[in-house]
Amino acid sequence: MTTIQAPDPRFAWIKEHGGPVVDWEDPSSSHRHAVTAVGLDGWFTSDHLSGDRPAKLDKHIKGEKGLLMLGVGLSHDQARPVHWSSVLKVTDQRYVRVSGTAQDFPSALAAAETHEHESRQFGGLTWWHEGGDCWVSWLGSFDLRATKISGHGEQEPYWLFERQGRAHTLEEAALLAALGGVTGGGE
C-alpha cells in the first residue's frame, strides 16, 4: 500500500497566496534543497528554518552584470503579504538591493524574475539604482549613496549624499572621514 505524503507545511503559504503546490525535490541532499513545482525551475530553499516557519524561496543566476540572487517569501504587510527581492552581487562585497511586496505569489515571483538592475555612468563611476530615488556606487573602500529628498513646504527637493568606508584602526577611520569631504583645489 502506497502512502501519499502531504507537502511540507512550510510551503503552504505559497498555495494560499495563489502559487503552485511546492515540495522538496530531495530533502536528504544537503541544507540547500531544490523545490519542485510548476514554474519554479532553479528555485531552492534551506532547511535551516524551524519546523513551523514558512520557507522562503531563492534562486541564483550568473549573468553579465554579476550574480543575481532572487528571493520570494512572506512579508509583514497584510495588504501586500508576499515579499520579493533582487540582489545583484556586482563584485566581492558590492551588492545592489531592490525589493518590494505583492498581493500574491505569482506577482511577487514575476517581479523578482523580471526586475532589471539599472546602472548609469557619472564622473567615471558606475551608479546602480536601488529603487525610488536611491542610487549606490563604490570608490575604493568607500560605499557611496545618493538619495533624492522631497522638499517640505517651500523647500526645494535636494539630493542627499552619503559616504561610508571601512578602516582597520580608529586613526585610519578618522583620517578617511576627514579627507572624504575634501574635493581638491583647497581655498
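A few points on the structure.

So, how was this worked out
- Counting starts from 1 at the beginning of each chain's written sequence and moves along it residue by residue.
- This being a predicted model, a pLDDT of at least 70 is required before a residue's local features are given, and a value of 80 or more before pairs of side-chain atoms are given or counted; all residues contribute to the totals for chains, interfaces and linings.
- In computing side-chain values, all of the structure's heavy atoms are included and hydrogens and water are not.
- In this analysis, strands are considered paired if DSSP registers two or more bridges between them.
- Counting from the N terminus, the helices are DSSP H or I runs at least four residues long and the strands are E runs at least two residues long.
- A fitted line through C-alpha atoms serves as each axis, taken over the contacting stretch for helices, and the angle formed by two N-to-C directions is quoted from 0 to 180°.
- We call a set of buried Ala, Val, Leu, Ile, Met, Phe, Trp, Tyr and Cys residues a nonpolar core when their side-chain atoms join them within 4.5 Å.
- Residue exposure (1.4 Å probe, protein chains only): buried if accessible area is under 20% of the type maximum, exposed if over 50%, otherwise partly exposed.
- Throughout, a residue-residue contact means that at least one pair of heavy atoms, one from each residue, lies within 4.5 Å.
- Planes of paired rings set the category: under 30 degrees apart is stacked, over 60 is edge-to-face and the rest tilted, where pairs are Phe, Tyr or Trp rings (Trp by its six-membered ring) whose centres lie within 6.5 Å.
- Definition used: whenever NZ (Lys) or CZ (Arg) falls within 6 Å of the ring centre and also within 35 degrees of the ring normal, the charge is taken to sit over that ring.

Section: the sheet that holds strand β12 (residues 158-165)
Strand order in the open sheet made by the 5 strands is β8-β9-β10-β11-β12, with antiparallel pairing throughout. Across the chains shown, the open sheet's two edge strands, defined by having one partner strand only, are β8 (119-122) and β12. Averaged over all pairs of adjacent strands, the angle between strand axes in this sheet comes to 25 degrees, irrespective of strand direction. Where β8 meets strand β9 (residues 125-129), 4 bridges bridge the pair, whose relative direction is antiparallel. The partner of Gln121 across the bridge, within β9, is Thr126.

Details of the nonpolar core
Phe11, Leu40, Trp43, Leu57, Val72 and Phe105 are the most contacted members of the largest nonpolar core, which has 27 residues in total. With 4 residues, the single largest contributor to this core is helix α2 (residues 105-114). Apart from residues no more than four positions distant in its own chain, Phe11 is found in contact with Val22, Asp23, Trp24, Val35, Thr45, Ala55 and Leu57. Core analysis: the second largest hydrophobic core is formed by 6 residues, Trp127, Trp135, Phe142 and Leu144 among them.

Notes on unusual backbone geometry
Notably, Gln93 is not glycine yet its phi reads approximately 65 degrees, a positive angle. Considering the arrangement of structural elements, one finds Gln93 in the loop between β6 (82-91) and β7 (94-102).

Things to note about the packing of aromatic side chains
For the coordinates displayed, the defined rule picks out 1 aromatic pair. Both rings, one in Trp13 and one in Phe105, keep their centres 5.8 Å apart while their planes meet at 70 degrees; by these two values the pair is edge-to-face. Here the residue Trp13 occupies a position in helix α1 (residues 12-16), and Phe105 occupies one in helix α2, the gap between them amounting to 92 residues. Here Trp13 matches Phe105 in class, with each residue buried. The ring of Phe142 has Arg163 sitting right over it, with the charged end atom 5.8 Å from the ring centre.

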